[in-house]
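# Commentary on secondary and tertiary structure
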Amino acid sequence: AQSVTQLDSQVPVFEEAPVELRCNYSSSVSVYLFWYVQYPNQGLQLLLKYLSGSTLVKGINGFEAEFNKSQTSFHLRKPSVHISDTAEYFCAVRPAEKLVFGKGTKLTVNP
Amino acid sequence: GAGVSQSPSNKVTEKGKDVELRCDPISGHTALYWYRQSLGQGLEFLIYFQGNSAPDKSGLPSDRFSAERTGGSVSTLTIQRTQQEDSAVYLCASSLAKGAGRDVGNTIYFGEGSWLTVV
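Residues numbered from 1 in each chain as written. Chains lettered and ligands numbered in written order. Predicted model: local features only at pLDDT ≥ 70, side-chain atom pairs only at ≥ 80, totals over all residues. Heavy atoms only, no water.

## Topic: the pattern of salt bridges
For the structure shown, the criterion picks out ten salt bridges over all chains. Across the pair Arg22 of chain B and Asp24 of chain B runs a salt bridge whose closest N-O atoms are separated by 3.0 Å. Overall, Asp24 of chain B belongs to the partly exposed group, its relative accessible area being 25%. Residues participating in the shared-partner salt-bridge network are Glu20, Glu66 and Arg77 of chain A. (Salt bridge = Lys/Arg side-chain N within 4 Å of Asp/Glu carboxyl O. Buried < 20%, exposed > 50% of the residue type's maximum accessible area, 1.4 Å probe, protein only.)

Have a look at this one:
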């Protein structure tokens, strides 16, 4: 069975600081990995995805993630965050048709 | 429409009543999903429809939950005899899909959800 672990439920940071949101997965098959963002009172929006090829994936809003097969990780990073990045971030794996999500990380960016 | 549309956006219902939640997927998307988002539980898969294939109902938590998709487009999620633990946000999503495991790279687009509160 596939599963996703997001190691931090909450991450507070100051504006313009770098941030890393951690995600580990387990899967017995080839994996396709995704990060979604959910702003307050909104649905989920795709940030980026890894299907194959380069292990460094760039997404929207300056976010990037690195796929590490040996460590079964797909951590999300941004070098300098803004207040507007305050949201909940979900890592997901897609072994077949449906997405399997982690429990989410709430990122709070403080001035 | 431009995105996945869900209604109602908010619903408060009394325990024991039935509720229906509606989802309009993106035009042309053949795959449709329902997920439930509740505090402390993250996002739980409920059900998946793909074209004319039999739906994957493996995530439905009990027989009080059912869903249908009429004409390959609009879907309705029905919860019978609601309980307080059914309080959650119900998210619908859709994607282009050919099925047979060939679509894992396709983006799944989510609606804004229906917030259900059972009192």
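## Let's talk about the confidence of the model for chain B
Within chain B, residue pLDDT values average 90, and 92% of them lie at 70 or more. Confidence scores differ between elements of chain B, with strand β5 (residues 42–50) of chain B showing the lowest mean pLDDT of 92 and strand β7 (residues 75–79) of chain B the highest of 98. (pLDDT = per-residue confidence, 0-100. Helix = DSSP H or I, 4+ residues; strand = E, 2+ residues; numbered from the N terminus.)

## Some points on the packing of aromatic side chains
Counting across every chain of the model gives twelve aromatic pairs over all chains. Aromatic pair Tyr36 of chain A and Phe110 of chain B: ring centres 5.4 Å apart, planes at 80°, arrangement edge-to-face. Of the two residues, Tyr36 of chain A is situated in strand β5 (residues 33–38) and Phe110 of chain B in strand β9 (residues 109–110); the pairing between them involves two chains. On the basis of relative accessible area, Tyr36 of chain A is assigned to the buried category, the value being 1%. When the ring centre of Phe45 of chain B is taken as origin, the NZ or CZ atom of Lys98 of chain A, which lies over that ring, is 4.6 Å away. (Phe/Tyr/Trp six-rings, centres within 6.5 Å; stacked < 30°, edge-to-face > 60°. Lys NZ or Arg CZ within 6 Å of the ring centre and 35° of its normal.)

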